[in-house]
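Letter by letter, the chains look like this.
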Amino acid sequence: MQITENAKKVLENRILRKDEEGNVIETPEEMLVRVARAIADNETEFDKFDWKEEFYDIMDNLYFLPNSPCLANAGTAMPQLQACFVLPIDDSMESIFGTLADMAKVFKSGGGVGFSLSRLRPKGDIVKTTGGYSSGPVSFLEPYNAAINAVKQGGRRKGAGLACIRVDHPDILEFIECKKDNDKFNNFNISVAITDTFMQAVKNDEPFYLFNPRNGEAQGLIQAREVWVKLVEGAWQNGEPGILFIDKINEHNPTPELGEIESVNACSEFHGLPYESCNLGSINLAKMVKGDLLTLNVFE
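Residues numbered from 1 in each chain as written. Predicted model: local features only at pLDDT ≥ 70, side-chain atom pairs only at ≥ 80, totals over all residues. Heavy atoms only, no water.

Colleague: How should I be thinking about the layout of surface pockets in this particular structure?
Modeller: Rolled over the atoms, a probe as big as a water molecule pinpoints where empty space is left. When its volume is computed, the second largest pocket comes out at roughly 360 Å³. Forming the boundary of the second largest pocket are 17 residues, of which Asp91, Ser92, Met93, Arg121 and Val127 lie nearest the centre. For the lining of the second largest pocket, the secondary-structure elements that each account for two or more residues are helix H5 (93-108) and strand S4 (126-127). Among the elements that line the lining of the second largest pocket, the one with the most residues is H5, at three residues. (1 Å grid on protein atoms, 1.4 Å probe; cavity = no way out; pocket = protein on both sides within 12 Å on 5 of 7 lines; lining within 4 Å. Points joined across faces, edges and corners; volume = space filled by probe spheres on them. Helix = DSSP H or I, 4+ residues; strand = E, 2+ residues; numbered from the N terminus.)

Colleague: Any chance you could explain the packing of aromatic side chains here in plain terms?
Modeller: The relative placement of two aromatic rings is captured by the distance of their centres and the angle of their planes. Enumeration over the complete set of coordinates arrives at seven aromatic pairs. On the basis of an interplanar angle of 80° and a centroid distance of 6.2 Å, the ring pair of Phe97 and Phe140 is categorised as edge-to-face. Taken as a pair, Phe97 in helix H5 and Phe140 in the loop between strand S5 (132-133) and helix H6 (141-150) lie far apart in primary sequence, 43 residues in all. Assessed through its relative accessible area of 35%, Phe97 is described here as partly exposed. For Phe140, a relative accessible area of 14% puts it in the buried group. Measuring from ring centre to ring centre gives 6.3 Å for Phe198 and Trp228, while their planes differ by 45°; the resulting arrangement is tilted. Of this pair, Phe198 sits in helix H8 (residues 196-204) while Trp228 is found in helix H9 (residues 224-238), placing the two residues 30 residues apart along the sequence. (Phe/Tyr/Trp six-rings, centres within 6.5 Å; stacked < 30°, edge-to-face > 60°. Buried < 20%, exposed > 50% of the residue type's maximum accessible area, 1.4 Å probe, protein only.)

Colleague: Teacher, can you tell me more about the confidence of the model for the protein here?
Modeller: For any part of a model where pLDDT is low, the fine detail of the predicted coordinates should not be relied upon. Residues of the protein with pLDDT of at least 70 account for 94%, and the chain-wide mean is 89. Here strand S6 (residues 152-153) stands out as the least confident element of the protein, with mean pLDDT 60; H8 is the most confident, with 97. (pLDDT = per-residue confidence, 0-100.)

Colleague: Could you clarify how one ought to interpret the packing of helix H2 (residues 28-40) against helix H3 (residues 48-60) in this entry?
Modeller: Two measures define how a pair of helices packs: the angle their axes make with one another and the distance between the axes. Where H2 contacts H3, the axes come no closer than 8 Å and their chain directions differ by 140°. Classed by the angle they form, the pair H2 and H3 counts as oblique. Here the hand of the crossing between H2 and H3 comes out right-handed. Each of Glu29, Leu32, Val33, Val35, Ala36, Arg37, Ile39 and Ala40 in H2 lies in contact with H3, whose residues at this interface are Lys48, Trp51, Lys52, Phe55, Tyr56, Met59 and Asp60. Of the residues assigned to the contact of H2 with H3, the class counts are 10 nonpolar, no polar and five charged. (Axes fitted to C-alpha atoms, helices over the stretch in contact; angles between N-to-C directions. Parallel < 35°, antiparallel > 145°, perpendicular 65-115°, else oblique. Left-handed = near helix turned anticlockwise from the far one by under 90°. Contact = heavy atoms within 4.5 Å. Nonpolar A, V, L, I, M, F, W, Y, C, P; charged D, E, K, R; others polar.)

Colleague: Hey, could you run me through the pattern of salt bridges in this one?
Modeller: Between side chains of opposite charge, a pair can form when the charged atoms approach closely. Under the defined criterion, the tally for this structure stands at 12 salt bridges. The salt bridge involving Asp91 is made with Arg121; its shortest N-O contact spans 2.8 Å. A residue pair is termed long-range when its members are at least 10 positions apart, and Asp91 in the loop between strand S2 (84-87) and H5 and Arg121 in the loop between strand S3 (112-116) and S4 qualify at 30 residues. Glu177 is the partner of Lys230 in a salt bridge, and the nearest nitrogen-oxygen pair spans 3.3 Å. With Lys230 in helix H9 and Glu177 in the loop between helix H7 (172-176) and strand S9 (188-194), the pair connects residues that are 53 residues apart, well separated along the chain. Given the relative accessible area of 23%, Lys230 is considered partly exposed. (Salt bridge = Lys/Arg side-chain N within 4 Å of Asp/Glu carboxyl O.)

And the structure:
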């Protein structure tokens, strides 16, 4: 496996197996054997050897590499190979902090998490079980952000998270500006789930309704362009928040009978239903074509 010294250092710090004292006890080539064997073990007895050799070859030649959790965990006591998860958060303390615990488990195994805050009741809304008032969805980013600081991905790196909220949530303006301070919630990406109704209101310079997720009732009107301007200002200032065209995403949801897509994973590579996950991989295009990539006309 021909890699640079910097790449070798990354593997030693984040991927290669270590003993109880933290000493590296695996070479990059041994890592490839471990991964290839673990992946091939899922094939039939007749095909195992061939698939092991083939998968080893494409990794060894850097044609393709699976995501980091696969390289780190395949063939170990932590056989969690998925990179990205979408977790649900319902409007209860049990769900909020239950998902926090699930997120910590994902980070421990090297994955990242995306989740939606859209089901949480807005700030100031009544909490009948206690007679108190809700602190709102943005407040719960504090413990989530702290958990990411505390739980590192298998001792390799901090976890990656993405929080999103629907544009018609009553706390949308607070959410849009929650990362205006660059030192706050810096373990998260944030995105706003944009609806077709909102975009039409922006186009027509009209107000649109905000809805309380607790009961689905309208909770005031707001000018769409006011929200849009704040989105653009935030994106210009520090790249936050991003936007998800959630209606378009669900329009192309291949399994609508299983539920509605609310969020994406931490870096937005895939749109997932609650508890869905994905395994990423990298294809090295430079190994797949002849000639100079800088002058290659892919449309010829």
